[in-house]
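Reading the structure
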Amino acid sequence: MTRCLPTLLALLLAGLALPLAAAAQDYPHADEPIGTIEDVYDGHLTPDLAVSTFRNIDRLFPTRTIAAGDTARDLPQAPVDLEATLTYQVGEATYDLYDFLSLDNVAGMIVLKDGAVVYETYQRGNTPDTRWMSMSVAKSVTSTLVGAAIRDGHIGGLDDMVTEYVPALAGSAYDGVSIHDILLMASGVAWNETYTDPTSDRRALLRAQIEQRPGAAMEVMAALPRAHEPGTHYTYSTGETQVLAEIVTGATGQPLSDYLSQKIWQPYGMEADANWWLDSPDGTEIGGSGLSATLRDYARFGQFFLEGGMIDGQPVLPEGWTETAGQPQVLTGGAQIDYGYMWWPGWTEPSIADGAYAAIGIQGQTIYINPARGVVIATHMAQPKPLGREPVDPLVVFDAISAALDGAAPKGAPD
C-alpha cells in the first residue's frame, strides 16, 4: 500500500508542518509540529522538535506500508529491576540506568532476555504505539532481505553482479561490483557520507530523494567515480544501501515493504504496520533509512535475527547468515574490517567476547543482539545531531545490562 503526499511534501520541505489526512488521525502524534528533513541532517532541531519529528517521519516523504498480520507474536513479561540495580563504568565514574536514559535522550528502550521482556520504558510522550525513525537501522533490514532473496532463489548468490539486477548502473563505476562487495560497503566507488556537509555525496542523495523523481537516486550513484578496485577498500556509504534496495526490488519483482511484510513482518508476528520512505511516489524504498516502526517490533526483528532467521522452524535466510552478518569481514587482499553485512560488530571488550553486534542509526537508534547471553535491546533516541555525540556509549550500557541479566531474579521475586 502506498501513501503519496506530493502537496504536503512541498510544504513540509518549505518548513511547514501539516497534519496527515483522516487515515492518520488514529495515530497519537499525528497533529504534532515537525521539522524538515534538512533540519534533521543539519542537526538543527530543538529537543522537543526532534522528538515530534522522529516519530512522524512518514510526514516528510511518501511512504509504503509494511503490513502486519492479524496475530502478534507474544512478548511474555519477566521484569527485572534494572533501574535499581544496574551500574557501569564510564572512565573513572560510575553511572546507572537513569544517567543513560537522560544523558543520551532515550525516548524508548526495551530489553528482551530469552524472548521475554525484562525491561521496557517510554519517555518524551512516546507509547508502545509510537512509530519511530530507524535511520541506518534500516540498512540491516535491507541487507536481511538480500539474504531472504538468496534463500528464495531470486538472487543466485553473493557473487552475482550488481548490474545484473540494476541495469541503471551499467557502464558506471558499479560495473564489476558484486552483491557481496555492496554488503561490505566495499564497492570501491568514491563516497563522502558527511551528513552535515551540504556538498557531500550523502546530501546529494538526499536531494535526489527530496526531488521525488523516479530514477534520480540511481543517477547520483551512476555518476560517482571509482576510487578503489571492487572488494578491496571499505567506505561507509548510504548510497550502497540504496543500490542494495534496487537489487532486492529488481531480483524479487516486489517493493521492499511488500517483501519484508511477506517474509518477516507478518509471519514472525509484528504487532503493528510500519512504513518506509520512497524515492518517488510509488517508487523504491530508501534502503538506508526511512523505515518507521514501533519499539516492540524493532525488538521482535532483533529476536528473529537472534533465533537464526527462523520462523516456526523454517529458515527465512541462508544457512549461517545470522552468524556471519554481524561479525567482522575480510576484504579482497586479506584486510579485516569492523563491519558485517550492514550490521556493526561489537567494539567493547564484553561485546567482542560475546560476539554481540548491532543495527545502528544516527541520533541513537539501535537493535543490539547478544547471542551468547540471549539478549536483544532496542532503543529509540532523540539526539539532536547526526554526529555520534551521545555522552554515554550505548554499547557499554547494553553490555552491562546483558551481564546483569545472567541469573537476575525477576522483579518482585523473593530474595
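So, how was this worked out
- Residues numbered from 1 in each chain as written.
- Predicted model: local features only at pLDDT ≥ 70, side-chain atom pairs only at ≥ 80, totals over all residues.
- Heavy atoms only, no water.
- Helix = DSSP H or I, 4+ residues; strand = E, 2+ residues; numbered from the N terminus.
- Rg over C-alpha atoms; globule rule 2.2 N^0.38 Å.
- Buried < 20%, exposed > 50% of the residue type's maximum accessible area, 1.4 Å probe, protein only.
- 1 Å grid on protein atoms, 1.4 Å probe; cavity = no way out; pocket = protein on both sides within 12 Å on 5 of 7 lines; lining within 4 Å.
- Points joined across faces, edges and corners; volume = space filled by probe spheres on them.
- Nonpolar A, V, L, I, M, F, W, Y, C, P; charged D, E, K, R; others polar.
- pLDDT = per-residue confidence, 0-100.
- Contact = heavy atoms within 4.5 Å.
- Expected span 1.5 Å × (residues − 1).
- Phe/Tyr/Trp six-rings, centres within 6.5 Å; stacked < 30°, edge-to-face > 60°.
- Axes fitted to C-alpha atoms, helices over the stretch in contact; angles between N-to-C directions.
- Parallel < 35°, antiparallel > 145°, perpendicular 65-115°, else oblique.
- Left-handed = near helix turned anticlockwise from the far one by under 90°.

1. Some words on the overall build of the chain
- Within the chain, the regular secondary structure consists of 15 helices and 17 strands.
- Whereas a compact globule of 415 residues would reach a radius of gyration of roughly 22 Å, the chain reaches 20 Å, a difference of no more than 12%.
- Considering only C-alpha atoms, the chain reaches an extent of 70 × 50 × 45 Å along its principal axes.
- Out of the 415 residues in the chain, the part that is buried amounts to 58%.

2. Details of empty space enclosed by the protein
- The full count for this structure, using the stated rule, is five cavities of 30 Å³ or more.
- The space that makes up the largest cavity amounts to roughly 70 Å³.
- Split by residue class, the lining of the largest cavity holds eight nonpolar, five polar and one charged.

3. Some words on the confidence of the model for the chain
- With 93% of its residues at a pLDDT of 70 or more, the chain has an overall mean of 92.
- Every residue in residues 2-23 is under pLDDT 50, and counting partners more than four places away or in other chains gives 46 contacts.

4. Quick word on helix 12 (residues 295-306)
- The first and last C-alpha atoms of helix 12 sit 17 Å apart over 12 residues, in line with the 16 Å expected at 1.5 Å per residue.
- Within helix 12, 10 of the 12 residues are buried, which leaves it mostly tucked inside the rest of the structure.
- Restricting attention to buried positions, one finds in helix 12 the residues Leu295, Asp297, Tyr298, Ala299, Arg300, Phe301, Gly302, Gln303, Phe304 and Phe305.

5. A short note on the packing of aromatic side chains
- A complete count under the given rule lists 18 aromatic pairs for this structure.
- A ring pair is formed by phenylalanine 100 and phenylalanine 398, whose centres lie 6.0 Å apart and whose planes are at 85°; its orientation type is edge-to-face. With phenylalanine 100 in helix 5 (residues 97-103) and phenylalanine 398 in helix 15 (residues 394-405), the pair connects residues that are 298 residues apart, well separated along the chain. For the pair formed by phenylalanine 100 and phenylalanine 398, the shared burial category is buried.
- With 4.7 Å between their ring centres and 70° between their planes, tyrosine 339 and tryptophan 344 make a pair best called edge-to-face.

6. Observations concerning the packing of helix 6 (residues 137-151) against helix 11 (residues 256-268)
- Axis separation between helix 6 and helix 11 bottoms out at 11 Å; the angle between their running directions is 65°. Put simply, helix 6 runs roughly perpendicular to helix 11. Seen along the crossing, helix 6 lies across helix 11 with a hand that is left-handed. Contacts from Val141, Thr142, Thr144, Leu145, Ala148 and Ala149 of helix 6 reach helix 11 at Leu256, Tyr259, Leu260, Lys263 and Ile264.
- Of the residues belonging to the contact of helix 6 with helix 11, the class tally is eight nonpolar, two polar and one charged.

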